[in-house]
Amino acid sequence: MPQLAKRVGRAKPSAIMLIAEKAKQLKASGRDIISFSIGVPNFLPGEHVYAAAREALSHDSGQYGSNRGAEALLDAFLAHIEALGFAGYGREHLATGVGAKQVLYNLAEALLDEGDEIAFAAPFWTTYRDIADIVGARSHILHCGQDQHYKLRPEQLDAALARRPKVFLFNNPSNPTGMVYTREEIAALADVLVRHPDTWIITDDIYNALVFDDLGYHNFVFARPELKERLIFVDSLSKTYGMPGWRVGFMAGPQEVARAVTTLNSSHITSLPEVVTAAAIAALTGPQDIPRAKCAEFAARRDTVLAALARIPGMQCPRPQGAFYVFPDISFAFGKYHRERSIENDVAFCAALLETHGVACVPGSAFGEPRAMRISYTCPAAQLEPGLERIRDFVAELS
Ligand code: PLP
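What counts as what
- Along each chain, the written sequence defines residue order, and numbers are assigned to residues from 1.
- For this predicted model, a pLDDT threshold of at least 70 governs which residues receive local features, and a threshold of 80 or more governs which side-chain atom pairs are given and counted, while totals over whole chains, interfaces and linings are taken from all residues.
- We count a residue as near a molecule or strand when its backbone-placed C-beta atom lies within 6 Å of that partner.
- Helix numbers and strand numbers start at the N terminus; a helix is a DSSP run of H or I with at least 4 residues, a strand a run of E with at least 2.
- Think of it as three bins: nonpolar holds Ala, Val, Leu, Ile, Met, Phe, Trp, Tyr, Cys and Pro, charged holds Asp, Glu, Lys and Arg, and polar takes everything else, Gly as well.
- Any helix carries an expected span of 1.5 Å times its number of residues minus one.
- Buried residues are those with 20 or more other C-beta atoms within 10 Å of their own C-beta, exposed residues have 12 or fewer, and partly exposed residues lie in between; C-beta atoms are placed from the backbone.
- Throughout, the arc means the angular range of directions from the helix axis out to the C-beta atoms.
- Working definition of a contact: two residues with C-beta atoms, positioned from the backbone, lying within 7 Å.
- Pairs of strands are assigned from DSSP output, requiring at least two bridges between the strands.
- Source of the domain bounds: an automatic or database domain assignment.

### Concerning the site of the ligand
So, step 1. Around the ligand, 13 residues are found, and the nearest of them are Gly-99, Ala-100, Lys-101, Ser-236 and Ser-238.
So, step 2. The leading source of residues in the shell around the ligand is helix 5 (residues 99-111), at 3 residues.
So, step 3. Residue composition of the shell around the ligand, grouped by class: 4 nonpolar, 7 polar and 2 charged.

### Observations concerning helix 8 (residues 183-194)
So, step 1. In this model helix 8 runs 16 Å from its N-terminal to its C-terminal C-alpha over 12 residues, within 8% of the 16 Å that 1.5 Å per residue would give.
So, step 2. All of the buried residues along helix 8 are Ile-186, Leu-189, Ala-190, Val-192 and Leu-193. One side of helix 8 carries all its buried residues, which in axial view fall inside an arc of 155 degrees. More than 90 degrees from the buried face of helix 8, the exposed residues found are Glu-184 and Val-194.
So, step 3. Buried residues along helix 8 sit in contact with helix 7 (154-161), strand 6 (200-204) and helix 9 (220-223).

### Observations concerning the sheet that holds strand 9 (residues 325-326)
So, step 1. The strand order across the open sheet formed by 3 strands is 9-14-13, and the pairing between neighbours is antiparallel. One side of each edge strand has no neighbouring strand; the edge strands of this open sheet are strand 9 and strand 13 (362-363).
So, step 2. The sheet contact formed by strand 9 and strand 14 (residues 373-376) spans 2 bridges and is antiparallel. Along strand 14, the bridge assignment pairs Tyr-325 with Ser-376.

### Concerning the domain arrangement of the protein
So, step 1. Domain assignment breaks the protein into domain 1 (6-44 + 290-396) and domain 2 (47-285).
So, step 2. For domain 1 and domain 2, the distance between their C-alpha centroids amounts to 26 Å.
So, step 3. Each partner contributes residues to the interface: domain 1 has 34 residues there, and domain 2 has 31 residues.
So, step 4. Looking at the side of domain 1 that touches domain 2, the elements that each hand over two or more residues are helix 1 (6-10), helix 2 (15-28), helix 12 (289-310) and strand 9.
So, step 5. Here the element with the most residues in the side of domain 1 that touches domain 2 is helix 12; it accounts for 5 residues.

Set out below in structure tokens:
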């Protein structure tokens, strides 16, 4: 029998999807399951987005579109990034894709040859390592533990960049930790980045609309504009507008990178569909009250989750300031027993929690931090406190 390509062996199914699937199966079998596992926003875009999609459908040309993205969509994205604080970008600096995930995959193909190094901090979004593996790059992972609030320090970055990786990939606000870098922290890291001119910088900042406590969203180019010539900003409609299934992602960066991503699109996807494009323009240019209200709601939920976790003896959790995740340290439970079942690590903790108390969380090892687990608090409101209580009951039963 002929063999599959080696790269397929390197591609692993997402650990997050695996736990979400397990939770779904248990639910289908009649169990009462609360899922804190998947990072999907719990809201829909406003009616104006559906109206734009319906209108587009009524005169859809049925044709292929632009590899880069329709001009009206690029213009809407330009206005969006200008409002965020990016200056001096034109359509030629932009490209679109089927979600930020596909944009990141295109960027990996565009910037990394086989054997090249890509540096990023752990905890990291699982897909980073998977994409690097698929393109045959070497991941250099910079461990950022809870003692440093899961944030990268300038000296760590400096040491990593001294190895001259081809790409440094950065994520702010963070999935899975919910941590957000302050203006000062971003400026300190930007000062390091300017000293290492051989490395491309990708900032995957798709949670930029979900920053709490008036901290604001900051990017390295705001602090050091000279980084513009090698920095690529990645954004998406998924989390900001409650549109993950519409699959719209963007990048803004140097012209040659935008051109390369566009060229790869012509082989991979050709273009975004017309109806999706119309919906995306409506989301970007229409009223922004839903994203604003959701940000306030998630900040309040963050407080609820932290207050509940603080009541669980042993569970430590730095205070997240964005996205919709918390990432508590659960290592106090390792070596204990739950109903005679040994909790030797994060995977055993999450499996026992799901099977006995019906709460699905993602083991931290999926994100490169096996001492923790990720709680995504986008579940229906009525499930939030009961789910947290179940976690407390589970921990109380450890011996
Ligand atoms: N980047 C991060 C940090 C994410 O958490 C996700 C999705 O969970 C993505 C990128 C992918 O987003 P999209 O839905 O636009 O592909």
